[in-house]
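Geometric and topological summary
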Amino acid sequence: MIRITQLKLSIDHTPKDLERKIARQLRLGNTPFTFEIKKQSLDARRKEDKKFVYTVDVSVKDEQRIAKKVNDNNIMLIKEKPYEFPLTGTETLQHPPVVVGSGPAGLFCAWYLAKAGFCPIVLERGEEADKRQQSVERFWRDGVLDPDSNVQFGEGGAGTFSDGKLNTLVKDTFGRGQEVLRRFVEAGAPEEILYQQKPHLGTDILVDIVQEMRRQTEAMGGTFRFRSKVTDLLFENSTLRAVQINGKEEIPADICVLAVGHSARDTFQMLKQRGIYMEPKSFAVGVRMEHPQSMINMDLYGEEANEILGAASYKVTHTCKNGRGVYSFCMCPGGYVVNASSEPEMLAVNGMSYQARDSKNANSALIVTVSPEDFPEEGPLGGIAFQRDLERAAWKTGQGKVPVQLFKDYRENKESTSLGEITPCIKGEWKLGDVRSILPKEVGDSILEGILAFARKLPGFDRDDALISGVESRTSSPVRIVRNQELESNMGGIYPCGEGAGYAGGITSAAMDGIKIAETISKKYRNF
Ligand SMILES: Cc1cc2nc3c(=O)[nH]c(=O)nc-3n(C[C@H](O)[C@H](O)[C@H](O)COP(=O)(O)OP(=O)(O)OC[C@H]3O[C@@H](n4cnc5c(N)ncnc54)[C@H](O)[C@@H]3O)c2cc1C
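Residues numbered from 1 in each chain as written. Predicted model: local features only at pLDDT ≥ 70, side-chain atom pairs only at ≥ 80, totals over all residues. Heavy atoms only, no water.

**Here's the deal with the overall build of the protein chain**
Convention followed: Helix and strand assignments follow DSSP, with helices taken as H or I runs no shorter than four residues and strands as E runs no shorter than two, numbered in order from the N terminus. The globule rule used for comparison is 2.2 Å times the number of residues to the exponent 0.38, while the radius of gyration itself is calculated over C-alpha atoms. It only takes one pair of heavy atoms within 4.5 Å for two residues to be counted as in contact.
Assigned secondary structure in the protein chain consists of twelve helices and 24 strands. Here the protein chain has a C-alpha radius of gyration of 24 Å; the compact-globule value for 528 residues is 24 Å, and the two agree. Viewed in the frame of its principal axes, the protein chain has a C-alpha envelope of about 70 × 65 × 40 Å. Long-range pairs, those at least 24 residues apart, make up 72% of the contacts in the protein chain with a sequence separation of at least 6.

Here's what the structure looks like:
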């Protein structure tokens, strides 16, 4: 295979243009060839002449001679090693593996275990996706929260109601990252996610994709049980013998994959009581900020709208005088701020978008790292106590609704009483108030300094009527469930997995960790 990198074409090029460019680069004349796009990124540094930059793999007869003839640093011969799932286990399982949680980590773990013949049982405390969608919309409309089926909990996990950004910083050494994208495509996602620099799957299609992956897993022998909260783990000589559901039913189990996500606070409490070794972990907290998407497009593309490129996205960071870092996180172009709470009288926000990313506002979390020193109590669950304090304050400030403040009032430490030109794009009821008062002083000050710094890169970022809502507290897990070389916890048969366990941050890296755990189980145990 011949790989060509740095192929630049104007953003309005046709597929034919790309084909012609490849033939010219390789001096192929009329020699027939096929090609596959491996990467597409955007170069918008020259706003008046924006380019797509491609990496393509070309199949053509006599590739060695051709590659040698052109002699170009951006043209090389490659041999891709396909992903391989290990089926080498020899030990016997008495019972099918139990997977707790159907978020990306649990879902992908179960899919690969089912394909390998392990007949996994997936236990999910929330509802199946379509019922869950109704519960979430009821919450956003009437404020009626279902503590087990909401934006954090239910089929597909926290990622289902999201902007579905699929890029990850995790190195893809074993090809698990591409596997994740391939699975999504096989379950109905658009093929472009395989090569886009910033692939994303809006909530409207994610809901269908997770259900299709469930159907595929069931067809391969897996079982899903919803409204099935794991309330206890039962051990004999520090080795798992059963899991308990909903406070009563017991399911015998040799192994259990704990893919419970970052918001399963009651489950973390139970794990602590059961002697599972956990540590407090740093994460980040802050607010979500909204600007007109047209302003962000102008800042990044030099035009208010571009049909080919869609809504522009930004990533900004700043190191404050106090030494703390402030950075944008989970930016949602053409998206919505969402009430992502999961506990009564506590309020947390996050962001989502639909596939079209066509709301009039851009939003992003602006967050500051906090560490165990900042937590109000020692021990593994100190971070949860920190989150709860913030979320209680946010709930009070908004009187149960999402509190919203204009930037000028945030800057002047004043409560907001009226909007400017920008109106909120929020899923859930909202109320004007004083968001800055919710935050620890150092966090609030750092965010202010950050916003002023970001405005130097993105003109208008600090406009008076930009909107700030809060509190963004669920950016990653506040705990790490320690696992050893074999990826097992200190208690036998327990495999901590995904974001909640502290080994992932985001949809793709959580799914990659799910595959990693499935591989580990299949390397140790024989399938059914
Ligand atoms: C609104 C929102 C937007 C986001 N946007 C993005 C984005 O654009 N891109 C991105 O990469 N990431 C995004 N994220 C983060 C991403 O969703 C998570 O990183 C990812 O879902 C973590 O996957 P996971 O499988 O480890 O955990 P989760 O997805 O949290 O899944 C855990 C599952 O376990 C279940 N569970 C918990 N306790 C129990 C129990 N005791 N018994 C049974 N089941 C249980 C839960 O109900 C849940 O379904 C977003 C998150 C939110 C909330």
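**Details of the side chain of asparagine 339**
In plain terms, the rule: Buried means the residue's accessible area, taken with a 1.4 Å probe over protein chains only, is under 20% of the maximum for its type, while exposed means over 50%, and partly exposed covers the values in between.
Along the chain, asparagine 339 falls in strand E16 (residues 336–339). Since its relative accessible area comes to 5%, asparagine 339 is described here as buried. The contact partners of asparagine 339, leaving out residues within four places of it in the chain, are Phe139, Trp140, Val151, Leu347, Ala348, Val402 and Lys427.

**Considering the packing of aromatic side chains**
Under the convention used in this document: We call Phe, Tyr and Trp rings a pair once their centres come within 6.5 Å, taking the six-membered ring for Trp, and we label the pair stacked below 30 degrees between planes, edge-to-face above 60, and tilted otherwise. Two thresholds decide whether a charge sits over a ring: the Lys NZ or Arg CZ must be within 6 Å of the ring centre and within 35 degrees of the ring normal.
As enumerated under the stated definition, the model contains 15 aromatic pairs in all. Summarising the aromatic geometry, the rings of tryptophan 140 and phenylalanine 161 are spaced 6.2 Å apart at their centres and angled 90° between planes, so their arrangement reads as edge-to-face. Here tryptophan 140 is found in helix H4 (residues 129–142), whereas its partner phenylalanine 161 is found in the loop between H4 and helix H5 (176–186), with 21 residues between them in sequence. Each member of the pair, tryptophan 140 together with phenylalanine 161, is buried. In this structure an aromatic cluster arises from ring pairing among Tyr83, Phe85, Trp111 and Tyr112. Taking NZ or CZ as reference, arginine 480 lies 5.7 Å from the ring centre of tyrosine 503, over its face. The ring of tyrosine 503 has arginine 483 lying over it, and the distance from NZ or CZ to the ring centre is 3.8 Å.

**A short note on the pairing of strand E19 (residues 402–406)**
Quick note on the threshold: We call two strands paired when DSSP finds no fewer than two bridges between them.
When you tally the buried positions in E19, you get five out of five residues, the bulk of the element. What you see with E19 is no split at all: Val402, Val404 and Leu406 on one side and Pro403 and Gln405 on the other are buried throughout. With three bridges joining them, E19 and strand E21 (residues 430–432) adopt parallel strand pairing. Directly across from valine 404, in E21, lies its bridge partner leucine 432. Across three bridges, E19 lies against strand E22 (residues 467–472) in antiparallel orientation. Bridge pairing links leucine 406 to leucine 467 in E22.

**A few points about the site of the ligand**
To keep it simple, the criterion reads: Residue proximity to a molecule or strand is established when one non-hydrogen atom of the residue lies within 4 Å of it. Polar contact is defined as a pair of N or O atoms within 3.5 Å, subject to the rule that within protein one atom must be able to donate a hydrogen and the other to accept it, and that residues adjacent in sequence are counted only when both atoms are side-chain atoms. We call Asp, Glu, Lys and Arg charged. Ala, Val, Leu, Ile, Met, Phe, Trp, Tyr, Cys and Pro are nonpolar, and the rest, Gly among them, are polar.
Taken together, 38 residues sit near the ligand, with Glu124, Ala158, Lys165, Glu499 and Ile507 positioned nearest. At 2.8 Å from an oxygen atom of the ligand is found a main-chain nitrogen or oxygen belonging to alanine 158. Between the ligand and the protein, one listed contact pairs a nitrogen atom with a side-chain N or O atom of threonine 267 at 2.9 Å. Along the lines of polarity and charge, the residues of the shell around the ligand split into 16 nonpolar, 16 polar and six charged.

**Some details on the sheet that holds strand E10 (residues 249–252)**
Think of a sheet as strands paired side by side through backbone hydrogen bonds, with each pair either parallel or antiparallel. Applied cut-off: Geometry is summarised by axes, namely lines fitted to C-alpha atoms with helices restricted to the contacting stretch, and by angles between N-to-C directions that run from 0 to 180 degrees.
Strand order in this open sheet of three strands is E8-E9-E10, and the pairing throughout is antiparallel. Among the strands making up the open sheet, the edge pair consists of strand E8 (230–236) and E10. If you compare each strand with its neighbour and ignore which way they point, the axes differ by 30° on average. One ladder, built from six bridges, connects E8 with strand E9 (residues 239–245); its direction is antiparallel. Directly across from phenylalanine 235, in E9, lies its bridge partner leucine 240.

**So, unusual backbone geometry**
Cis geometry is adopted by the peptide bond preceding valine 471, which originates at glycine 470 and carries an omega value of 10°. Along the chain, valine 471 falls in strand E22. One non-glycine residue, arginine 27, lies in positive phi territory at about 45°. Along the polypeptide, arginine 27 turns up in the loop between helix H1 (15–25) and strand E2 (33–43). Although it is not a glycine, glutamate 345 sits at a positive phi angle of roughly 60°.

**So, helix H3 (residues 104–115)**
What counts is decided by this rule: Expected span of a helix, by definition, is 1.5 Å for each gap between consecutive residues, and there is one gap fewer than residues.
Taking 1.5 Å as the rise per residue, H3 with twelve residues should run 16 Å; its terminal C-alpha atoms sit 16 Å apart, in good agreement. With eleven of twelve residues buried, H3 lies mostly within the body of the structure. Those residues of H3 that sit buried are Pro104, Ala105, Gly106, Leu107, Phe108, Cys109, Ala110, Trp111, Tyr112, Leu113 and Ala114.

**Observations regarding the sheet that holds E22**
Strand order in the open sheet made by the seven strands is E14-E15-E18-E13-E22-E19-E21, with mixed pairing throughout. Edge positions in the sheet fall to strand E14 (317–319) and E21, since each has one partner strand and no second. Put simply, the sheet's adjacent strands are angled 30° from each other on average, direction ignored. Contacts from helix H9 (residues 382–397) reach strand E13 (283–292), strand E18 (361–370), E19 and E22 within the one sheet, and its direction differs from that of E13 by about 35°.

**A few points about the side chain of aspartate 43**
Relative to the helices and strands, aspartate 43 resides in strand E2. Looking at aspartate 43, the relative accessible area reads 14%, which means it is buried. Here arginine 45 takes part through its side chain, which lies 2.6 Å from a polar atom of the side chain of aspartate 43.

**With respect to the packing of H3 against helix H12 (residues 507–524)**
Put simply, the rule reads: Crossing chirality is assigned from the near helix's rotation relative to the far helix, an anticlockwise turn below a right angle marking it left-handed and a clockwise turn marking it right-handed.
Close contact between H3 and H12 brings their axes to 7 Å; oriented N to C, the two are set at 35°. The crossing of H3 and H12 is right-handed. Every residue of H12 that contacts H3 at Pro104, Ala105, Phe108, Cys109, Tyr112 and Leu113 is listed here: Ile507, Ala510, Ala511, Gly514, Ile515, Ile517, Ala518 and Ile521.

**What to know about the pattern of salt bridges**
Heads up, the condition is: Take a side-chain nitrogen of Lys or Arg and a carboxyl oxygen of Asp or Glu: if they are within 4 Å of each other, that pair is a salt bridge.
Inspection of every chain in the model, using the stated rule, returns 52 salt bridges. Measuring nitrogen to oxygen at the nearest pair gives 2.7 Å for the salt bridge that ties glutamate 249 to arginine 225. Within this pair, whereas glutamate 249 is found in strand E10, its partner arginine 225 is found in strand E7 (residues 223–225), the two being separated by 24 residues in sequence. What makes glutamate 249 partly exposed here is its relative accessible area of 35%. The partner of arginine 463 in a salt bridge is glutamate 421, with the nearest N and O atoms 3.6 Å apart. One end of the pair, arginine 463, is in the loop between helix H11 (441–457) and E22; the other, glutamate 421, is in the loop between helix H10 (407–411) and strand E20 (426–427), and 42 residues separate them in sequence. Its relative accessible area of 23% is what places arginine 463 among the partly exposed residues.

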